[in-house]
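# Descriptive structure summary
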Amino acid sequence: MPLKNTKEEIYSFLMKFCEIRSVTDSEGEKLAPKFIYDELKKLTYFKDNPEDLFIQEIGEDRLKRSNLCAFVRSKKQTMNTIILMGHLDVVDTDVCGNLRDLAFYPQVYTKEIAKIDIPKEAREDLESGDWIFGRGVADMKSGLAVQAGLVAELSENTDNLDVNILYLAVADEENNACGIHKALELIEDMKEKGYKFLCCIDSEPTITQLDKGAGWIHLGTIGMYTPFTFVLGRETHVGEYFEGLSAALIAFKLGNLIEGSDEFADNFKDVVYPPLTCLKIKDLKPTYSVTVIERMAMYYNVLFVQRTPDEILAALKKAASCALEKSIAEQNMKRLTQGTQTKEKILKGRIIEYNELISLAADQANEDIQKLIEAYLRTLSPKMELQERGMMLVNHLIDIAKLKGPAVIVGFLPPYCPALYNERKTKRELDILDTVEEIIGEAEKTFSVKIHTAEIYEGISDLSEFGFKGSKRDEQVLAKNMPGWGMDFVYPFHRSKNLDIPVLNIGPIGKDAHKLTERLYLPYALEVLPFLLKKIVLGLAKRAKLQ
Ligand SMILES: [Zn+2]
């Protein structure tokens, strides 16, 4: 039976969709586009227009994943188009322990999770009977299911539809976003053919530090940097501790200064966004030995709305310099108080931007440094994560540069996502504000729920890719300080800037995304969200027609 835009059908679509183990970077991720394809293929519209439903292969992806694309053309010959978009992948279920396999079967999982110890709030939600638990129920298979329901309904009557609908379910959101980057090529092609994109609507679940029980509509999306610090200490035998300087000492002090610090928490229109957190700490010592750690690499997540790469780099350099100075001072003091015979005293360390490290390596190399970099990256396994490849490259360049510690190298790694917000400048942006305000009022009255609007979706989303608003300088700072730029990763600033499509996130009420207790509030997801989505799409189409 073809999909219908009803509560029951959306629910059943969601349950089947969750069983597809589309964990990012796994084989299962490749099965998800086919699942939606098979469901939508049954619709009369796609039977009549098979060329409008297709799987878009991501040729350049090392894992050969793909996206699902469905296009519903209005018979009214309009070029106005709205994008409905979401991601197919989910994070893995390792955090679910013994239940890790069952997390893909939400109904069973919800029963099983009742038997284990879960936080009080999750227990209360569970006992209310209104919530379903499982991987992807909130983030974000329910969003894609509701959007698919709307596609099904709108495709039934294209004679009266004022807008074309492009539905995109993309891979790899939770990791490096290769799915959306590929999908943008399609959107760019359509733009060249004259299609006018009114808005791109994503349906990510609520992630907020505020009212978690209410519905939220977001007018923009947060940006994300992944800066790194690579600490180079000075090696020594543990028995002659004071003759070297442990990279761990510097790294710990640095971590202490920046983890969760106010300095990296961006502030936009009176909202303070989450602070920096370390995503990975790695020491580069290959095996056990009684040598102090010489090299340690850390990379971080930094969320932002308006902060520039220059500002992030400057703040990191300042913190690194402070950590380095403190470590050296302390080391020298302890050398005296612990009465060692070590004579040599380390006086100074260096803070080096990644682009400066390349110059230092180029000075020492007998060959073109760019060629050396490329050759080195080719020796690394393509299966190795981009961040790891970047760190290994920094390590290699330190060797070529014959750099002696103590030093801290700072730069950026992928992924990078720009921030996007409604500037209230264009008609399209203003239409979105008016439509949202009108529909929220209607929905609150119809369903007696509270729905808030917020400037920025804090959960990170593919919406970032729809209109880069940074400067040329931002582009340059990122490009020259990102190991592997141009070979492993490149950010398509130009394309993003050209697209310039306003965005909106209208998603379900979910809690604990990525956790053991990921869950979805069913009454909102199955009734309010389909209402909101449909009304907003039709409302935007109507307003666009009026101009
Ligand atoms: Zn998500």
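Residues numbered from 1 in each chain as written. Predicted model: local features only at pLDDT ≥ 70, side-chain atom pairs only at ≥ 80, totals over all residues. Heavy atoms only, no water.

## A look at the overall build of the protein
Quick note on the threshold: Numbered from the N terminus, helices here are DSSP runs of H or I no shorter than four residues, and strands are runs of E no shorter than two. Note on contacts: a residue pair qualifies if any of its non-hydrogen atoms lie within 4.5 Å across the two residues. Working definition of accessibility: Shrake-Rupley area with a 1.4 Å probe, residue cover restricted to the visible protein chains. By the counting scheme adopted, Arg and Lys are positive, Glu and Asp are negative, and His together with the chain ends is not counted. The atom standing in for a charge is NZ when the residue is Lys, CZ when it is Arg, CG when it is Asp and CD when it is Glu.
If you tally the helices and strands in the protein, you get 16 helices and 18 strands. With the C-alpha coordinates aligned to their principal axes, the bounding extent of the protein is approximately 85 × 55 × 45 Å. Once local pairs closer than 6 in sequence are excluded, the contacts in the protein between residues at least 24 apart make up 79%. Of the roughly 23,000 Å² that the protein leaves accessible, carbon and sulfur atoms contribute 51%. Between the centroid of the 70 positive side chains of the protein and the centroid of its 83 negative side chains there is a distance of 2 Å.

## Looking at unusual backbone geometry
The following threshold applies: Only protein chains enter the calculation, and the probe is 1.4 Å; a residue is then buried if its accessible area is under 20% of its type maximum, exposed if over 50%, and partly exposed in between.
D139 connects to M140 through a cis peptide bond whose omega is -15°. Topologically, M140 is positioned in helix 6 (residues 137-155). With an omega dihedral of 0°, the bond running from G405 to P406 counts as a cis peptide bond. Structurally, P406 is set in the loop between helix 12 (386-401) and strand 14 (407-417). Backbone geometry places Q77, a non-glycine residue, at a positive phi of 60°. Within the fold, Q77 resides in the loop between strand 2 (66-72) and strand 3 (80-87). Since its relative accessible area comes to 72%, Q77 is described here as exposed. Phi at K402 takes a positive value of approximately 50°, unusual for a residue other than glycine. Its location among the elements puts K402 in the loop between helix 12 and strand 14.

## Regarding the sheet that holds strand 1 (residues 53-57)
Basically, it comes down to this: When DSSP finds at least two bridges between two strands, those strands are taken to pair. Every axis corresponds to a line fitted to the C-alpha atoms, with the helix fit spanning only the stretch in contact, and the corresponding angles, defined between N-to-C directions, vary from 0 to 180 degrees.
Pairing is mixed across the open sheet formed by 8 strands, whose spatial order is 1-2-5-3-6-16-7-15. Each edge of the open sheet carries a strand with a single partner, namely strand 1 and strand 15 (451-454). Strand-to-strand twist across the sheet, computed as the mean angle between neighbouring axes with direction ignored, equals 20°. As judged from the 4 bridges shared by strand 7 (residues 215-218) and strand 15, these two strands associate in the parallel manner. Note that in strand 15 the partner of H218 across the bridge is A454. Those strands touched by helix 7 (residues 178-192) are strand 1, strand 2, strand 3, strand 5 (164-170) and strand 6 (196-202), and its axis lies near 160° from that of strand 5.

## A closer look at a nonpolar patch on the surface
Note the following rule: Note on patches: the residues involved have over 30% relative accessible area and no salt bridge, like charges join within 9 Å, and the nonpolar side chains Val, Leu, Ile, Met, Phe, Trp and Tyr join within 5 Å. Take a side-chain nitrogen of Lys or Arg and a carboxyl oxygen of Asp or Glu: if they are within 4 Å of each other, that pair is a salt bridge.
Nonpolar side chains collect at one region of the surface, where V238, Y288 and V290 lie side by side and expose about 330 Å² of accessible area between them. Assignment of secondary structure puts V238 in the loop between strand 8 (223-232) and helix 8 (247-258).

## Quick look at the packing of helix 1 (residues 7-19) against helix 6
Heads up, the rule is: The cut-offs work like this: below 35 degrees is roughly parallel, past 145 is roughly antiparallel, 65 to 115 is roughly perpendicular, and the gaps in between are oblique. In this scheme, a crossing is called left-handed if the near helix is turned counterclockwise away from the far one by less than a right angle; it is called right-handed if the turn is clockwise. Each residue gets one of three labels, nonpolar for Ala, Val, Leu, Ile, Met, Phe, Trp, Tyr, Cys and Pro, charged for Asp, Glu, Lys and Arg, and polar for the others, Gly among them.
It is the contact of helix 1 with helix 6, at a shortest axis distance of 9 Å, that shows an interaxial angle of 135°. On the basis of their axis angle, the class for helix 1 and helix 6 is oblique. At the point where helix 1 passes helix 6, the crossing takes the right-handed sense. In this structure, helix 1 contributes I10, F13, L14, F17 and C18 to the contact, and helix 6 contributes V137, K141, S142, L144, A145, V146 and A148. Taken together, the residues of the contact of helix 1 with helix 6 sort by class into 10 nonpolar, 1 polar and 1 charged.

## Some points on the domain arrangement of the protein
What counts, and what does not: Throughout the structure description, domain borders are defined by an automatic or database domain assignment. Accessible surface is computed with a 1.4 Å probe, and the buried area is the amount of it that two parts give up when combined, taken over both parts together. Here a polar contact means two N or O atoms within 3.5 Å. Within protein one must be a hydrogen donor candidate and the other an acceptor candidate, and residues neighboring in sequence count only if both atoms are side-chain atoms.
Per the domain assignment, the segments making up the protein are domain 1 (7-222 + 419-546) and domain 2 (223-417). Just the C-alpha atoms count here: the centres of domain 1 and domain 2 sit 36 Å apart. Between domain 1 and domain 2, the residue contacts involve 30 residues of the former and 40 residues of the latter. Across the domain 1/domain 2 interface, buried area totals approximately 3,100 Å², and carbon plus sulfur atoms make up 65% of it. Our count for the contact surface shared by domain 1 and domain 2 stands at 2 salt bridges. We note a salt bridge from D310 to R473, for which the minimum N-O separation is 2.7 Å. Viewed at the interface, domain 2 and domain 1 are joined by 6 residue pairs in polar contact (both at pLDDT 80 or more).

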